[in-house]
Amino acid sequence: MTAITLVQGDITRQQVDAIVNAANSSLLGGGGVDGAIHRRGGPGILEACRELRASHYAEGLPTGRAAATTAGELDARWVIHTVGPVWSGTEDRSALLVSCYREALRVAADLGAKTVAFPAISTGIYGWPMDDGARIAVRTVREAVADPVEEVRFVLFDHYAYGEFAEALAAEGPEAPPG
Ligand code: APR
């Protein structure tokens, strides 16, 4: 059974196998989580991102997809970069946000990661409402998480985000029975 935990804090300080980055398609850094990961992770992450662009993603990492690099100086083995959808009031892009969590978990499992830290993807610069972002995150992770992942840790940057994720977790009820 996989544990889903909540932490209020800075995702770049988590000691886990994989840290998920709320990146943009360029994979060349940005603000928010992306900026923090590159700042604390050091130039090795950007170098690996440039290699990803040169080898697999010439046009950039598409929204909803995920790709892993070294974690550089971070206390993790990998950073899994994923590109969330920008919030739209007229178009339902939920499927793309679901895909971010699913794809990041798939990449984590393929790598053999046992512990994975997620930020609240798209809920910052990309403007996704926190309550809906939390619901999608919790529901998707509960459905999609698989061995060898043993812990999924949502790392929330502030009290408000933490509260919304706690509500979403409670609303999902007790863990689904194994099997
Ligand atoms: N640790 C944990 N959570 C953080 C941190 C941090 N160090 N910094 C920010 N957050 C939170 C934000 O408060 C927000 O709730 O992460 C969530 C996602 O916010 P963003 O990092 O802005 O990511 P997103 O909304 O997905 O926008 C992605 O922002 O940084 C750029 O390059 C990135 O263009 C891309 C866009």
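Structure first, text after, so check above.
Figured I'd write up the structure that's included with this text. Since we're looking at a predicted model, the values are computed, not measured.

1. Focus: the overall build of the protein
Item 1. The number of helices and strands found in the protein is five helices and six strands.
Item 2. The N-to-C order of helical and strand elements in the protein reads β-β-α-α-β-β-α-β-α-β-α.
Item 3. For a compact globule of 179 residues, the expected C-alpha radius of gyration is about 16 Å, and the protein comes in at 15 Å, within 12% of that figure.
Item 4. Along the first, second and third principal axes, the C-alpha atoms of the protein reach 45 × 40 × 30 Å.
Item 5. When contacts within the protein are restricted to residue pairs at least 6 apart in sequence, long-range pairs at least 24 apart make up 70% of them.
Item 6. Summed over all atoms, the accessible surface of the protein reaches about 8,500 Å², with 51% contributed by carbon and sulfur.
Item 7. The average position of the 15 basic charges and that of the 23 acidic charges among the side chains of the protein differ by 3 Å.

2. Comments concerning the packing of helix H1 (residues 32-41) against helix H2 (residues 43-55)
Item 1. Two numbers describe how H1 lies on H2: the axes approach to 6 Å, and their chain directions differ by 115 degrees. Residues Ile37, His38 and Gly41 of H1 lie in contact with H2, whose contacting residues are Pro43, Ile45, Leu46 and Cys49.
Item 2. Class assignment for the residues of the contact of H1 with H2 results in five nonpolar, two polar and no charged.

3. Concerning the sheet that holds strand E4 (residues 78-83)
Item 1. Read from one edge of the open sheet, six strands run E1-E6-E5-E2-E4-E3, paired in mixed fashion. Both outer strands of the open sheet, strand E1 (3-8) and strand E3 (66-70), are each paired with one neighbouring strand and no more. With strand direction ignored, the average angle separating the axes of adjacent strands in the sheet is 25 degrees.
Item 2. Both strand E2 (residues 18-23) and strand E5 (residues 115-118) contribute to a ladder of two bridges, which runs parallel. Paired with Ile19 across the two strands is Ala117, which belongs to E5.
Item 3. Against the sheet, helix H5 (residues 159-171) touches E1 and strand E6 (151-156), its axis set at about 160 degrees to E1.

4. A short note on H2
Item 1. Here H2 contains 13 residues, and its C-alpha end-to-end distance of 18 Å stays within 8% of the 18 Å for a straight helix at 1.5 Å per residue.
Item 2. Restricting attention to buried positions, one finds in H2 the residues Ile45, Ala48, Cys49 and Leu52. Within H2, the buried residues cover an arc of 105 degrees as seen down the axis, which keeps them to one side. Away from the buried face of H2 by more than 90 degrees, exposed residues Pro43, Glu47, Glu51 and Ala54 are located.

What counts, and at which threshold
Residues numbered from 1 in each chain as written. Predicted model: local features only at pLDDT ≥ 70, side-chain atom pairs only at ≥ 80, totals over all residues. Heavy atoms only, no water. Helix = DSSP H or I, 4+ residues; strand = E, 2+ residues; numbered from the N terminus. Rg over C-alpha atoms; globule rule 2.2 N^0.38 Å. Contact = heavy atoms within 4.5 Å. Areas by Shrake-Rupley, 256 points an atom, 1.4 Å probe, with all protein chains shown as cover. Lys, Arg positive; Asp, Glu negative; His and termini not counted. Charge placed at Lys NZ, Arg CZ, Asp CG, Glu CD. Axes fitted to C-alpha atoms, helices over the stretch in contact; angles between N-to-C directions. Nonpolar A, V, L, I, M, F, W, Y, C, P; charged D, E, K, R; others polar. Pairing = 2+ DSSP bridges. Expected span 1.5 Å × (residues − 1). Buried < 20%, exposed > 50% of the residue type's maximum accessible area, 1.4 Å probe, protein only. Arc of directions from axis to C-beta.

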